[in-house]
Amino acid sequence: MKKARPLQLGAMAGAAVLAILAGWWLVDGLSPADAPETVVATSAAPAPGGAVPATAQPTSDAHPAPDAMLNPSLILIFESALAEAQATGKAAFMAMAPGLLAKRLPAELVARAMGLLERYIDMQEAMQALPPPDAGDPASMRKTIEARAEVRRRYFAPEEIEGLFGDEIRQDALMADKMALARDANLTPEEREAAAKRSEEALLTPEQREQRRAFTAQVDVQRQTDAMDARGASAQERFAERSAAYGYEAARQLAALDQENRDWNSRLDQYANAPPEQQEQLRESLFNERERLRLSGALALRSARPAPNAAGQTPGRSPS
């Protein structure tokens, strides 16, 4: 048994995996994984089945799943158990699995989870045999999505698919839509944006849409900060631009973060430029215990950056 790779972490990893394979990443930002929810309920597991449609649609294998055990958190538990076991074969892992699941689930759920876990492992093996999509080709990506949907239906019933993989299915469909829109030369930027918004509203829950907006805002803030760093913008310019874009309070908080990062970089510069015989003393006097744990990594990152900014510092983020 090859060690199963995570197909879904929260709601986003399935779409992210396909996007990376297709050579297309962050058209408008991909949200971080959803926080896992608690697995609390149980019921008898239905038998897998269902015909394969000619074209996979986001709802073709995704139906309402009131069973609270069937949610993406269970996949996180399975992956955690697989990672801990480091087993070299399915039989060896399944022998260890009851004890691993017992550490992560209430006792009354372990037996049912074992049945789902065995099918999950078999599904993962079948998924790994699928060819990846051609880079940047939305049609090839859709074929991969359809092939993945067919594999799921071999091992899980519709309600199990919806509960465990429904978010992943919708994210994959949204990613394929956005890839196709990005390649459609007949659309204006405004039309492309409007079509992407319609697709997002049709496929994602309100919570997922809010996550995407929040993550996109973070990406936008970082891009703006990087641009201001590159041109050596003054503190007054930074505050004015951020206040206009995000409001006074956000600008104030970002200014405080700028100051924290300036202080951090100044201390790193002082340490990095000191003679070796002085560095140990500076390490103790300039950095607190938590910062000292991250000092080597911070210096390695700085050495990989191309050039200092306009202020003469090689930028890096404070570890706090």
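Residues numbered from 1 in each chain as written. Predicted model: local features only at pLDDT ≥ 70, side-chain atom pairs only at ≥ 80, totals over all residues. Heavy atoms only, no water.

(A) Representation of the overall build of the chain. Check the secondary structure of the chain and you find 13 helices and 0 strands. The order of α-helices and β-strands along the chain, N terminus first, is α-α-α-α-α-α-α-α-α-α-α-α-α. Per-residue burial for the chain yields a buried fraction of 42% across its 320 residues. For the chain, restricting intrachain contacts to residue pairs at least 6 apart in sequence, the fraction spanning at least 24 positions comes to 72%. Here the chain displays about 16,600 Å² of accessible surface, and carbon together with sulfur accounts for 55% of that area. (Helix = DSSP H or I, 4+ residues; strand = E, 2+ residues; numbered from the N terminus. Buried < 20%, exposed > 50% of the residue type's maximum accessible area, 1.4 Å probe, protein only. Contact = heavy atoms within 4.5 Å. Areas by Shrake-Rupley, 256 points an atom, 1.4 Å probe, with all protein chains shown as cover.)

(B) How the structure looks around the nonpolar core. Judged by nonpolar contacts, the single largest core of 34 residues is most densely connected at F78, F93, L101, L117, Y120 and F156. Breaking this core down by element, the ones donating at least two residues are helix 2 (72–85), helix 3 (90–102), helix 4 (107–128), helix 5 (138–155) and helix 6 (158–183). In terms of residue count, helix 4 provides more of this core than any other element does, 11 residues in total. Residues W264, L268, L282 and F287 belong to the second largest nonpolar core, which totals 9 residues. (Core = buried A, V, L, I, M, F, W, Y, C linked by side-chain atoms within 4.5 Å.)

(C) Local environment of helix 2. The end-to-end C-alpha distance of helix 2, which contains 14 residues, comes to 20 Å, matching closely the 20 Å that a straight helix rising 1.5 Å per residue would cover. The element helix 2 is extensively covered by neighbouring structure, given that 10 of its 14 residues are classed as buried. What helix 2 keeps buried is the set P72, S73, L74, I75, I77, F78, E79, A81, L82 and A85. If you follow the buried residues of helix 2, they end up packed against helix 3, helix 4 and helix 6. With a side-chain oxygen lying 2.6 Å from the backbone nitrogen of S73, the N-terminal cap of helix 2 falls on N71. Looking one or two places after helix 2, you find Q86, whose phi comes out positive at around 50°. (Expected span 1.5 Å × (residues − 1). Polar contact = N/O pair within 3.5 Å; in protein donor to acceptor, adjacent residues only side chain to side chain.)

(D) Structural view of the environment of A97. Take A97: it is sitting in helix 3. According to the relative accessible area criterion, A97 is buried, its value standing at 0%. As for A97 and A85, which are separated by 12 residues in sequence, their C-alpha atoms are 8.2 Å apart. With sequence-adjacent residues up to four places away left out, A97 is seen in contact with M114 and L117.

(E) Spotlight on the confidence of the model for the chain. Scored by pLDDT, the chain has a mean of 74; 71% of the residues are at 70 or more. In the model of the chain, helix 1 (residues 13–21) stands out as the element of lowest mean pLDDT, 37, in contrast to helix 4, which has the highest, 93. Long-range and interchain partners of residues 1–60, a stretch whose pLDDT sits below 50, account for 169 contacts in this model, where long-range means more than four residues apart. Here residues 310–314 scores under 50 on pLDDT; set against residues more than four positions off or in separate chains, the count is 11 contacts. (pLDDT = per-residue confidence, 0-100.)

(F) Representation of the packing of helix 2 against helix 3. Viewed as axis vectors pointing N to C, helix 2 and helix 3 meet at an angle of 120°, and their least axial separation amounts to 10 Å. In terms of orientation, helix 2 lies oblique with respect to helix 3. The interaxial crossing formed by helix 2 with helix 3 has right-handed handedness. Between helix 2 and helix 3, the residues in contact are I77, F78, A81, L82, E84 and A85 and F93, M96, L100 and L101, respectively. (Axes fitted to C-alpha atoms, helices over the stretch in contact; angles between N-to-C directions. Parallel < 35°, antiparallel > 145°, perpendicular 65-115°, else oblique. Left-handed = near helix turned anticlockwise from the far one by under 90°.)

(G) Layout of the packing of aromatic side chains. The full count for this structure, using the stated rule, is 5 aromatic pairs. Here the aromatic rings of F156 and F165 are separated by 5.5 Å at their centres, their planes lie at 70°, and the arrangement is edge-to-face. The burial state of F156 is the same as that of F165; both residues are buried. Taken together, a centroid distance of 5.9 Å and an interplanar angle of 80° make the contact between Y271 and F287 edge-to-face. (Phe/Tyr/Trp six-rings, centres within 6.5 Å; stacked < 30°, edge-to-face > 60°.)

(H) A look at the pattern of salt bridges. All told, the structure shown has 20 salt bridges when counted by the stated rule. The residue D122 makes a salt bridge to K90 at a minimum N-O spacing of 2.7 Å. Here the residue D122 occupies a position in helix 4, and K90 occupies one in helix 3, the gap between them amounting to 32 residues. Overall, the relative accessible area of 24% leaves D122 in the partly exposed class. Overall, K90 belongs to the partly exposed group, its relative accessible area being 25%. Residue D177 is joined to R142 by a salt bridge in which the shortest nitrogen-to-oxygen separation is 2.7 Å. (Salt bridge = Lys/Arg side-chain N within 4 Å of Asp/Glu carboxyl O.)

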